[in-house]
Amino acid sequence: MTSTTRLTVAQALVRFLSAQYTERDGTRHRLIGATWGIFGHGNVAGIGQALVEYGDVMPYHQGRNEQAMVHAAVGYARQSGRLSTHAVTTSIGPGATNLVTGAALATINHLPVLLLPGDVFAARPADPVLQQLEVPYAGDVSVNDCLRPVSRYFDRITRPEALIPSALQAMRVLTDPVETGAVTLALPQDVQTEAYDWPEEFFAERTWVVRRPGADPTELAEAVRAIRGARRPLLVAGGGVHHSRAEAALAEFAAVTRIPVASTQAGKGSLRFDHPQDVGGVGHTGTATADELARTADLVIGVGTRYTDFTTASGTLFAHPDVRFLNLNIAPYDGHKLAGMPLIADARSGLMELTAALDMHAYRVGASYVAEYTEDKERWEQRVDACYEADEPDVRPTQPQVLGVLDALVDESDVIVNAAGSLPGDLHKLWRARSCDQYHVEYGYSCMGYEIPAAIGVKLAAPERHVWALVGDGTYLMMPTEIVTAVQEGVAIKVLLVQNHGYASIGGLSEETGAERFGTAYRHRAADGTFTGAPLPVDLAANAASLGMRVLRAKTVSDLRAALAEARDADTPTCVYVETQTADTVSGPPPAQAWWDVPVAETATRPSAVKARELYERHVSTRRRHLC
């Protein structure tokens, strides 16, 4: 007879989660490392009570904003190589819907996170209850259904016994390298507290093996033939290289073949910046070196990339008339993009197989090609040096100079976290990544407010590392709340807060597209009704200090050097606040080296929009659909 244990649904779920593990390459990791939670009437007596009951096996973190809790869990998951993540529990109603943005970010970036939102009563003893959305045409719909399109797996647990198959499916998806993303188990508040006789086998330790599938022999042979036939191949490294921990395999492939390696935002750091074959970021925010190689490449080898519009310059970058695509990707959906030859495999396994096959044929690209990209890379590095250089140390820095000061300070142990604004473009062009996980820029969803909570997640996953959240004033105002969490938990993140009085990135884009920087500056409203008055007297440094963070103010380049060094050595959460030059422009690095499609008004009377449309049509005319 099967032995059972009588527990509530919430207690059973917490106990089950504490016994789940992943394994890859012989190393075992706990799958759900902790649970974040904000409690309300929809989860306080269920999951909340269960976390008290099982506090010895399930660590708990207190958040201030539900979206931010998801960001922290995602930061933890990315730093953990997708082998471990956190769960997030919320009450019903606004607590649950606040999860949607974080869930979308996790799913778009293929990063696992487990969401446990409270839901309305399954038994409907009173209808409606507090915070319930009534849907006249469907009695089984709640606001939690908003999470369906942004989740890789969704279920509503309306009976205790339904948890068993659903929980197992949730673990399967979280640990699947193709399917992973946000997983949602919606938990009606009455069902959370119901007791059930659970089979003991449900609580047995389970190890979920994270697969490394190799390539199909036919696809591998075709890939080798395509590479051997290419004169100007270019490899584009995407986030899949990091997810697979394939950086060493990529370095070996590049050293053997001498094929240059460009990187997407998600893939930057796949090679160290000083690796001979690293040519920097590719696409709209890429380097001149990588983008020129992309324009002339006859074979593009995409490894773990989704080929977003920033990477392809909205379909205008890969301009060689006979260009072909070879896509090494664990996901068939991405492996077939751009009508490419698919090589469906784990990034590390596939790269190792390619390297062995090409080395057997003694394949190398030509010496003249190596000399070309090596010289171009040296010229680009000189441009980076010029952007970083601060001839006058006693003046206010530009944004690239801020990055230059930080670049001179860090080593392999530092992690740089960013997501939105003008900083991602500057970082992709200029930052010199020194380790495979130093560059943590979330650009799949480019979500303002990600940086501070994600930095907390990274620091929890790697407490020995120096973790920097780089935020502009616009991003900071979106979500500074988790500063309180960092202070409460003693998580010694470093926040570099750059004040430029508005949405600098969108301001520049607005000007380029004929919208004349409308609504992008943080200024008083002028007499003509526009926001062109004096900058707002907002003191963000004082705000950070009021939330409990130690704050260092830097007015000049010299101040900044000292403040960043002091913050790096700090063992408490510390913020460095700096106001940059050129507050009414973007950041002053080298301009975009490739186009990005943001549609411009087709008819307009204002000269700026008319001119922008003319330029837009010229760019659109160069777009190309890769179909063969």
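Read on for an overview of the structure. (Residues numbered from 1 in each chain as written. Predicted model: local features only at pLDDT ≥ 70, side-chain atom pairs only at ≥ 80, totals over all residues. Heavy atoms only, no water.)

## Observations concerning the overall build of the chain
Each helix and strand counted, the chain has 24 helices and 23 strands in total. Here the C-alpha radius of gyration of the chain, 25 Å, is about what a compact globule of 628 residues would show, namely 25 Å. The principal-axis extent of the C-alpha atoms belonging to the chain is close to 75 × 70 × 55 Å. Across the chain, contacts joining residues at least 24 apart in sequence account for 77% of those joining residues at least 6 apart. Of the accessible surface of the chain, which amounts to about 24,600 Å², a share of 53% is contributed by carbon and sulfur atoms. The positive charge centre, built from 56 side chains, and the negative charge centre, built from 73, are 3 Å apart in the chain. (Helix = DSSP H or I, 4+ residues; strand = E, 2+ residues; numbered from the N terminus. Rg over C-alpha atoms; globule rule 2.2 N^0.38 Å. Contact = heavy atoms within 4.5 Å. Areas by Shrake-Rupley, 256 points an atom, 1.4 Å probe, with all protein chains shown as cover. Lys, Arg positive; Asp, Glu negative; His and termini not counted. Charge placed at Lys NZ, Arg CZ, Asp CG, Glu CD.)

## Focus on the layout of surface pockets
Counted as a void, the largest pocket has a volume near 1,100 Å³. Every residue lining the largest pocket is counted, 47 residues in all, and those nearest its centre are His284, Ser505, Gly508, Leu509 and Glu512. Broken down by secondary-structure element, the contributors of at least two residues to the lining of the largest pocket are α17 (423-430), α19 (473-478), α21 (504-512) and α24 (607-620). With 7 residues, α21 is the single largest residue contributor to the lining of the largest pocket. When the residues that make up the lining of the largest pocket are grouped by side-chain class, the tally is 22 nonpolar, 19 polar and 6 charged. (1 Å grid on protein atoms, 1.4 Å probe; cavity = no way out; pocket = protein on both sides within 12 Å on 5 of 7 lines; lining within 4 Å. Points joined across faces, edges and corners; volume = space filled by probe spheres on them. Nonpolar A, V, L, I, M, F, W, Y, C, P; charged D, E, K, R; others polar.)

## Side note on the sheet that holds strand β22 (residues 550-554)
Read from one edge of the open sheet, 6 strands run β19-β18-β20-β21-β23-β22, paired in parallel fashion. In this open sheet, the two edge strands, each paired with only one partner strand, are β19 (439-441) and β22. Ignoring which end each strand starts from, the neighbouring axes of this sheet average 20 degrees apart. By the bridge criterion, 5 bridges tie strand β20 (residues 466-472) to strand β21 (residues 494-499) in an arrangement that is parallel. (Pairing = 2+ DSSP bridges. Axes fitted to C-alpha atoms, helices over the stretch in contact; angles between N-to-C directions.)

## Regarding a nonpolar patch on the surface
A cluster of nonpolar side chains, contributed by Phe39, Val44 and Tyr60, occupies part of the molecular surface with about 240 Å² of accessible area. Within the secondary structure, valine 44 is located in helix α2 (residues 44-53). Judged by relative accessible area, valine 44 falls into the partly exposed class, the value being 43%. (Patch = residues over 30% accessible without salt bridge, like charges linked within 9 Å, V, L, I, M, F, W, Y side chains within 5 Å. Salt bridge = Lys/Arg side-chain N within 4 Å of Asp/Glu carboxyl O. Buried < 20%, exposed > 50% of the residue type's maximum accessible area, 1.4 Å probe, protein only.)

## Regarding empty space enclosed by the protein
In this structure the tally under the stated criterion is 3 cavities of 30 Å³ or more. Empty space within the largest cavity amounts to approximately 180 Å³. Lining of the largest cavity is provided by 21 residues; of these, Lys268, Asp278, Gly280, Glu381 and Trp431 occupy positions nearest its centre. Of all the secondary-structure elements, those providing two or more residues to the lining of the largest cavity are β14 (278-281), α15 (367-388) and α17. Per element, the largest residue contribution to the lining of the largest cavity is 4 residues, and it comes from α15.

## Thoughts on helix α6 (residues 163-174)
Look at α6: 16 Å from first C-alpha to last across 12 residues, which is about the 16 Å you get at 1.5 Å a residue. Every buried residue belonging to α6 is among Leu163, Ser166, Ala167, Ala170, Met171, Val173 and Leu174, and all of these are buried. Projected down its long axis, α6 shows its buried positions confined to an angular sector of 165 degrees, all on one face. (Expected span 1.5 Å × (residues − 1). Arc of directions from axis to C-beta.)

Don't take any of this as a statement about function, it's just geometry.
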